[in-house]
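Listed below, chain by chain, are the residues.
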Amino acid sequence: MTYHPKSDFMRVMIERGFLADCTDYQSLDEALVEGVVPAYIGFDATAKSLHVGSLIQIMMLRWLQKTGHKPITLMGGGTTKVGDPSFRADERPLLTPDQIDDNIAGIKKVFANYIDYDAENDSKAVMINNAEWLDDLNYLDFLRDIGRHFSVNRMLSFESVKSRLDREQSLSFLEFNYMILQAYDFLELNRRYGCLLQMGGSDQWGNIVNGIDLTRRVLDNQIFGLTSPLLTTSDGKKMGKSLSGAIWLNSDMLSSYEFWQFWRNTTDADVGRFLKLYTELPLEECERLGALEGSDINDAKIVLANEVTKLAHGEEAAKAAEATAREVFEKGGTGDDLPTISLTAQDIGDGISIVQLIVKAGLVKSGKEAKRLISENGARVNDAPLEDAGMMVSTDDLELPMKLSAGKKRHALVRLDG
RNA sequence: GGAGGAGUGCCCGAGUGGCUAAAGGGGGCGGACUGUAAAUCCGCUGGCUAUGCCUACGUUGGUUCGAAUCCAACCUCCUCCA
């Protein structure tokens with residue numbers, strides 16, 4: 001960007017790599033200088049927790065608040081009933097209202113760690129559910145008041161739905177309405193809360209622009225949109241997957257240790273970028289750490305893991321995760337923070353096969369995979385290669401916690417409970 | 001409503017009566033190399049109480065000793081027409 005912003009928020013967004021595009025850099029910048037700007041990001045409730053793919057959005061709201069503005073976290077209680085088709089190859093399964101409520105409850109937990117909803121100033125954040133205005137819409141009124149502002153011709157031209165239209169997959173009318181509902185959200189947030197800005201990933205650009213147009217037409221208000229880059233790791237993978245699935249932000253969905261490990265395993269080339277996006281370390285520090293060469297950059301990865309985990313799960317959790325990681329990887333020992341399963345004597349009975357234990361410990365999905373792992377010499381028990389796939393484990397073997405390993409990186413503890 | 005095309009394993013995609021748990025690729029997992037990195041190379045990749053059994057090629061039935069493969073009906077999607 002050649003634009004030199006006057007506002008702290010825009011400056012941070014640009015310097016730290018959050019900015020992919022903005023509908024009007026200069027006007028938005030001026031609004032940010034003039035006063036408190038309420039800005040929102042919407043989160044659909046498709047799972048019980050958000051994952052690291054949404055973390056960049058959360059960090060944007062956090063910076064927004066830190067630079068003196070007002071974050072609005074919009075929970076998509078209404079829009080989730082429709083499902084966002086943007087850049088998706090197929091239709092999502094519809095969630096029931098109960099599932100959606102459950103998911104919202106889970107997602108809410110994580111925001112409190114990043115955003116202050118109790119601030120006693122103009123930057124106090126608010127959390128709103130768009131079900132508030134979407135659930136009770138009257139179809140005909142909505143079509144007449146809002147629908148008339150949308151051109152189907154134009155809607156069909158959006159990149160976000162193009163792949164669906166071009167290819168053999170259908171786009172249901174239900175999903176097609178998503179962009180109208182999201183546009184309407186922006187309008188309502190402007191009307192009700194004076195919201196001036198919507199942020200989101202660059203895949204949301206079309207939806208955001210629609211909201212801006214709609215608000216201008218209906219209320220004659222100028223509002224703004226700002227998008228973050230769609231994050232992939234430098235080796236071209238989507239952000240947020242790792243060894244065993246999605247990287248959830250909620251600690252009840254993914255342990256702090258595993259969360260920490262995800263960041264510790266960042267690809268070299270991403271370290272500097274991630275430090276800027278996902279931590280609040282000074283820029284120079286991010287750059288210095290990201291520029292470390294060879295094995296020195298491992299120290300930077302530890303800093304990254306500590307900082308991100310601290311924000312998400314708290315300082316204690318970060319410390320415990322680091323301690324366990326050091327114990328496990330540097331000394332080849334064990335640590336309390338490793339994923340642990342507890343078995344009762346009853347579970348074990350006369351003995352349980354090692355194959356079953358490996359499955360129960362969550363290191364593999366099936367007994368067959370466990371056997372494969374063993375035959376490939378990837379399984380270890382207390383750090384000794386496991387050769388006998390038929391090995392039985394008795395309660396006596398679990399006097400001390402047993403450490404099971406799958407490959408070099410994945411470990412779990414098995415304890416006897418009670 | 002009419003005509004034509006399509007529906008395969010986590011994904012893409014070959015197969016068009018037995019040799020098919022189904023080529024190839026991607027992804028994933030394990031190994032080597034390293035730095036708990038990347039790239040590269042090698043191997044594995046449906047499940048189970050396992051010399052056998054179960055599940056699987058849109059769904060349901062049928063033909064056959066035998067079907068992903070043939071037939072019928074249905075469902076869904078795509079393209080064109082109304």
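Everything numeric here is computed off the predicted structure, so don't read it as measured data.

Caption draft 1: Highlighting the overall build of chain A. Counting its secondary structure elements, chain A contains 19 helices and 15 strands. For chain A, the C-alpha radius of gyration of 24 Å lies close to 22 Å, the compact-globule estimate for 418 residues. Taken over the C-alpha atoms alone, chain A extends approximately 75 × 50 × 45 Å along its principal axes. Classification of the 418 residues of chain A by burial places 50% in the buried group. The long-range fraction of contacts in chain A, counting pairs at least 24 apart against all pairs at least 6 apart in sequence, stands at 72%. Carbon and sulfur atoms make up 47% of the accessible area of chain A, which totals about 19,800 Å².

Caption draft 2: Quick look at the packing of aromatic side chains. Applying the stated criterion across every chain yields a total of eight aromatic pairs. Here Phe259 and Trp263 contribute two aromatic rings whose centre-to-centre distance is 6.1 Å and whose plane-to-plane angle is 65°, an arrangement assigned as edge-to-face. Remark: Trp263 and Phe259 occur in helix H12 (residues 256-264); sequence separation between them is four residues, near one turn of the helix. For the pair Phe259 and Trp263, a shared accessibility class is recorded, and that class is buried. Connected via pairs of aromatic rings, a cluster forms that spans Phe259, Phe262, Trp263, Phe274 and Tyr278. Across the ring face of Trp63, the terminal group of Lys66 is positioned such that the distance to the ring centre comes to 5.2 Å.

Caption draft 3: Seen up close, the nonpolar core. By size, the foremost hydrophobic cluster in this structure holds 70 residues, and its most contacted members are Phe111, Met199, Trp263 and Tyr278. Excluding residues that lie within four positions of it along the chain, Phe111 makes contacts with Phe43, Leu50, Ile58, Thr73, Met75, Tyr117 and Met127. In this structure, Ile128, Met155, Leu171 and Ile212 belong to the second largest nonpolar core, which totals 30 residues.

How each quantity is defined
- Residues numbered from 1 in each chain as written.
- Chains lettered and ligands numbered in written order.
- Predicted model: local features only at pLDDT ≥ 70, side-chain atom pairs only at ≥ 80, totals over all residues.
- Heavy atoms only, no water.
- Helix = DSSP H or I, 4+ residues; strand = E, 2+ residues; numbered from the N terminus.
- Rg over C-alpha atoms; globule rule 2.2 N^0.38 Å.
- Buried < 20%, exposed > 50% of the residue type's maximum accessible area, 1.4 Å probe, protein only.
- Contact = heavy atoms within 4.5 Å.
- Areas by Shrake-Rupley, 256 points an atom, 1.4 Å probe, with all protein chains shown as cover.
- Phe/Tyr/Trp six-rings, centres within 6.5 Å; stacked < 30°, edge-to-face > 60°.
- Lys NZ or Arg CZ within 6 Å of the ring centre and 35° of its normal.
- Core = buried A, V, L, I, M, F, W, Y, C linked by side-chain atoms within 4.5 Å.

What is shown is where atoms sit, not what they do.
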